[in-house]
Amino acid sequence: MTEPQTPAPDNGPDSASGSRWAAFMDDLTGVNVDWRSALLVPVLAITAALAVSVIIIVVSDIELWREFSLSALGDAIGQAGSAMWALFTGSFGSLAAVSSTLAFSAPLILAGLSVAIGFKAGLFNIGAEGQMLMGGMAAVALGITIDIPVFLNVPLAVIGAMVGGGIWGGIAGLLRARTGAHEVITTIMLNSIAGLAVIWMLSTDFFQPAGRQDPVSEDIAVSARLPRLLGFLDRTDLRVHFGIIIALIAAYAIYWLLYKSTIGFEFRAVGFNPDAAHYAGMKVTWLYVSVMALAGGLAGIAGMTQINGLLYRASPGFAAGIGFDAISLALLGRSHPAGVVAAGFLFGALRAGGLEMQVVTDVPIDLIGVIQALVVVFIAAPALIRAIFRVKTGEEIGQLTTGWGT
Amino acid sequence: MATLELRGITKRFPGVLANDSVDLEVSSGEILGLLGENGAGKTTLMNILYGLYSADEGEILIDGVPQSFAGPGDAIAAGIGMVHQHFMLVPVFTVTENVVLGVEPVGPGGVINIKEAKREVREISQKYGLEVDPDAIIEDIPVGIQQRVEIIKVLFRNAEFLIFDEPTAVLTPQEIEEFFGILNGLRDAGKAIIFITHKLKEVIEVSDDIAVLRRGAMAGRADPATTTEADLANLMVGRPVELVVAKGAAQPGAPVLTVADLVVLDDRDQVAVASISFDVKAGEIVGIAGVQGNGQTELVEALTGLRGVAAGTVTIGDKVVTHATPRQIHEHSVAHIPEDRQRSGLVMSFSITENMVLDGYYHEPYSRGIKMDWDQARAKAGELVEQYDVRTPGTEVAANTLSGGNQQKVIVAREFGREVRLVIAAQPTRGIDVGSIEYIHERIVEERDRGAGLLIVSTELDEVMALSDRILVMFDGKVVAEYEGGAVTAEEIGLAMAGAAP
């Protein structure tokens, strides 16, 4: 598999204007579309990750360590089996489960896009978490002060969150452009600053409800809430909200920007070869700023979906580690918008299923982190997958980003 | 007397037959010239010999004994030494430290016996006439001497078979002469030498036997005593090649580029270009000769907006562009062929189409507003690929799948593919094969005859002499000599390049 190429390959006269979908898929999979090899590695990687996590559940079974017996081993394996089953039913087993998966997916996709667009431009955005916090806080600030009709208030929240996250990301971009400070370092630091800033902000009179001492904000206006998509069914357990629609629109917009616009062309040129981009007359430093601002804006919207779609108010840590999962997710999705959407659904399903798993079995939800990490390890090491499954998976994965030093 | 033999070496990469049943033999006291275009499989073959790749078929024999190399360590142990094109030296270490790196003679307690090392280095350098100061720091000594250190390194490891990969690419004409003296000395001392190059003249001058590779297979052998450059070019490319640039007299018009008292600093803020003045007129080719690192790179970067100007002025036509950006320069109808095509000229993982619009993507017809028109870009790329004879399966393959010569053609096509009045070309044919060189030279002359002014910067003296209507020699950041093209010998220019004022 190679890095996505664009524009679409010219396979003959009929594909010159070809269908939009075909071009989209060509961009996803590289020059010669080989569906089998494009999907094989991720599917095998997920399979391998689940298999390894079954082993982890079994060997970490406390009863098994107290006194080893075959029946204890049997119980442990049974436990692992029911954990896997819960993982599945919790994510896809019912309408509520699917709804939950989609609700979790929305911020994951948006934050994943944030990291992915950084990768495409050769920047390692570790700061999605902090950008989510800042975007989310901007949405809270608007949501608790402005109460206008929902069709105005929701777009206002989106824009506000974009600006909030965009400024936070833009700072890292500006530092990189002006001083050469590496974005990995600055975004990590900005994450810490954002985390503490949120706690401080939530203790101010502006955000804190009267009479409360703990760091929590007032509730946002009902008109600022992202509408529930299945609200017409009148069930409280169907949490899927408009955020998933925003995420999918954003994914398409980023796809269009990257592959169909001059701006995306510049982003990708800088990402692959900043020297050549500079030679070709592109303003490399300005591009660093704009990429980081856009990445921050996307993460900001992700933070907004957490607030306006689920929580309706801010408390410390409302970003819930999504900004860090986004890094794995962007790697898994090969930094392509379509891949990010797919990976976002997968991670959303794991989060939704993980909750169910924790309730039904004794397996803690932390296992989800292990599974996600394993998926990424297997994706990043296709040779491992080849060795395990004894298959040919085509070429090695393309370069994801240009190292740390550049 | 030792003999190294390659028998039926075949190496396949996905979709490419890099070596196709190649036979080769070299014995003690012999220099074998290995000639071939870029992408002909020379490097692959030598990497197999050096243990970096394993051959799919065939075997390596030393004195008739089959060898199997799992890595360079095995090859070195078997007496094979490689002098790479890009030196593998630690710049802040001394000559001796570099030579013994990895095989240091150690005394009691694991302490490096530097005195012993120095003695051995001195011994080798005396024995083979490789004059070096064992205590000199690598970064302080010229490239030619650095190369000697590389050779001593190989000899220190007791190599009997020495492989030189494009050793003359980085040397001045005088250094090349000295290098040939060293090669002859090594041969006379009983070493077996494989000399890899794509320079016809050199291979005839120094080799005892010539082997020519073409598309991975042995195209033929030639006897340096009887063969001619034209014959070799023919073998290499597979068709007759015009080695002399055919051009009429220049008809210079008004200046298109005027440089006055230009001062440019390098990355370390040292003066790299020291108050240079010259002009390039419409319809003429001005060549800048010089050993690499005498300010040419900085000069070109300053002229094309890539590097700031410390003092002086640059004028294109009648517009002062001293502090213009690369894009503004581009918009003044200037074509720029950059020195390092893979670093600046191309985005290697972009398709040919994307590379063809790399600097013109932002205006019509390739885009409207921010919307790219890929159909237009593809059409233009297809046209240019056709017109400039880029050998590629299509316009949508990535640039890194092309050979060096074809990559260079992509750049030339992009830069010449629009109406330009000034061409600034740095090393336009570096590292590419004679067939492509011929082609690019023709285009350059064509641009001149169309009325463009051209500034050609090259470390290949032959190239500067063949193309230029006027030759400037740069040394230490200054123009030290100026000649009319065709009225000067290589020796004269060579002396000026080395800093001896005429």
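Refer to the structure presented above.
Residues numbered from 1 in each chain as written. Chains lettered and ligands numbered in written order. Predicted model: local features only at pLDDT ≥ 70, side-chain atom pairs only at ≥ 80, totals over all residues. Heavy atoms only, no water.

Undergrad: Kindly report on the overall build of chain B, identifying the contributing residues and their values.
TA: Tallying secondary structure elements over chain B gives 17 helices and 22 strands in all. Relative to the compact-globule value of 23 Å for 502 residues, chain B shows a C-alpha radius of gyration of 24 Å, a close match. Taken along the three principal axes of its C-alpha coordinates, chain B extends 70 × 50 × 50 Å. Looking at the 502 residues of chain B, the share that counts as buried comes to 56%. Counting contacts in chain B only where the partners sit at least 6 residues apart, residues at least 24 apart contribute 67% of the total. For chain B, the exposed area adds up to about 20300 Å²; of that, 50% sits on carbon and sulfur atoms. In chain B, the 43 positive side-chain charges and the 75 negative ones have mean positions that sit 4 Å from each other. (Helix = DSSP H or I, 4+ residues; strand = E, 2+ residues; numbered from the N terminus. Rg over C-alpha atoms; globule rule 2.2 N^0.38 Å. Buried < 20%, exposed > 50% of the residue type's maximum accessible area, 1.4 Å probe, protein only. Contact = heavy atoms within 4.5 Å. Areas by Shrake-Rupley, 256 points an atom, 1.4 Å probe, with all protein chains shown as cover. Lys, Arg positive; Asp, Glu negative; His and termini not counted. Charge placed at Lys NZ, Arg CZ, Asp CG, Glu CD.)

Undergrad: Lay out the environment of Arg214(B) in plain terms, naming residues and giving numbers.
TA: All names here are of chain B. Mapped onto the secondary structure, Arg 214 falls in strand S9 (residues 209-214). Residue Arg 214 is classed as partly exposed on the basis of its relative accessible area, which comes to 29%. Between the C-alpha atom of Arg 214 and that of Ala 40, which follows or precedes it by 174 residues, the distance is 5.0 Å. In this structure the side chain of Arg 214 is engaged in a polar contact, spanning 2.5 Å, whose partner is the backbone oxygen of Leu 235. (Polar contact = N/O pair within 3.5 Å; in protein donor to acceptor, adjacent residues only side chain to side chain.)

Undergrad: Tell me what's going on with the nonpolar core, and back it up with residues and numbers.
TA: Counting 129 residues, the largest nonpolar core has Ile117(A), Phe267(A), Met282(A), Met304(A) and Leu358(B) as its most contacted members. Top element by residues in this core is helix H13 (residues 284-311) of chain A. It accounts for 13 residues. Contacts of Met282(A), omitting those with residues within four sequence positions, involve Phe265(A), Glu266(A), Ala269(A), Ala277(A), Leu287(A), Arg327(B), Leu358(B) and Tyr361(B). Membership of the second largest hydrophobic core comes to 35 residues, among which are Val132(B), Val154(B), Phe156(B) and Phe164(B). (Core = buried A, V, L, I, M, F, W, Y, C linked by side-chain atoms within 4.5 Å.)

Undergrad: Please provide a residue-by-residue account of the pairing of strand S14 (residues 311-316) of chain B, values included.
TA: All names here are of chain B. Two strands pair when backbone bridges link them, and strand S11 (residues 255-265) and S14 are joined in this way by 5 bridges, in the antiparallel orientation. By the bridge assignment, Ala 260 is partnered in S14 with Thr 313. Pairing between S14 and strand S15 (residues 319-320): 2 bridges, direction antiparallel. Counterpart to Thr 315 in the pairing with S15 is Val 320. Counting the residues between successive antiparallel strands, the hairpin from S14 to S15 contains 2 residues, one of them, Gly 317, with a positive phi of roughly 65 degrees. (Pairing = 2+ DSSP bridges.)

Undergrad: Quick one: what's the story with a nonpolar patch on the surface, residue by residue and with numbers?
TA: Residue and element names in this part refer to chain A. On the surface, a nonpolar cluster with roughly 430 Å² of combined accessible area is contributed by Trp 85, Phe 88, Phe 92 and Val 98. The element contributing the most residues to the nonpolar patch is helix H5 (residues 70-92), with 3 residues. Tracing the backbone shows Trp 85 in helix H5. A relative accessible area of 56% places Trp 85 in the exposed class. (Patch = residues over 30% accessible without salt bridge, like charges linked within 9 Å, V, L, I, M, F, W, Y side chains within 5 Å. Salt bridge = Lys/Arg side-chain N within 4 Å of Asp/Glu carboxyl O.)

Undergrad: Could you give an account of the packing of helix H6 (residues 95-120) of chain A against H13(A), with specific residues and numbers?
TA: Residues and elements named next belong to chain A. Put simply, H6 and H13 touch, their axes get as near as 8 Å, and they point 170 degrees apart. By the criterion of interaxial angle, the relationship of H6 to H13 is roughly antiparallel. Across the interface between the two elements, Pro 107, Leu 110, Ala 111, Leu 113, Ser 114, Ile 117 and Gly 118 of H6 pack against Val 291, Leu 294, Ala 295, Gly 296, Leu 298, Ala 299, Ile 301, Ala 302, Thr 305 and Gln 306 of H13. Considered class by class, the residues forming the contact of H6 with H13 number 12 nonpolar, 5 polar and no charged. (Axes fitted to C-alpha atoms, helices over the stretch in contact; angles between N-to-C directions. Parallel < 35°, antiparallel > 145°, perpendicular 65-115°, else oblique. Nonpolar A, V, L, I, M, F, W, Y, C, P; charged D, E, K, R; others polar.)

Undergrad: Which residues make up the side chain of Thr44(B), and what are the values?
TA: All names here are of chain B. Considering the arrangement of structural elements, one finds Thr 44 in helix H1 (residues 42-49). Judged by relative accessible area, Thr 44 falls into the buried class, the value being 13%. What Thr 44 contacts, discounting residues up to four positions off in sequence, is Lys 11, Phe 13, Ala 18, Asn 19 and Tyr 53.

Undergrad: Please set out the pattern of salt bridges residue by residue, giving values where relevant.
TA: Pairing between side chains becomes possible if they bear opposite charge and their charged atoms approach one another. Residues and elements named next belong to chain B. Within this structure, the stated rule accounts for 42 salt bridges over all chains. Among the ionic pairs, Arg 187 bridges to Asp 208, the shortest N-O distance being 2.7 Å. Here Asp 208 lies in the loop between helix H7 (200-206) and S9 and Arg 187 lies in helix H6 (residues 173-188), a separation of 21 residues in the sequence. Asp 208 sits in the partly exposed class, given a relative accessible area of 32%. When salt bridges that share partners are traced, they join Asp 279, Lys 281, Glu 284, Arg 470 and Glu 482 into one network.

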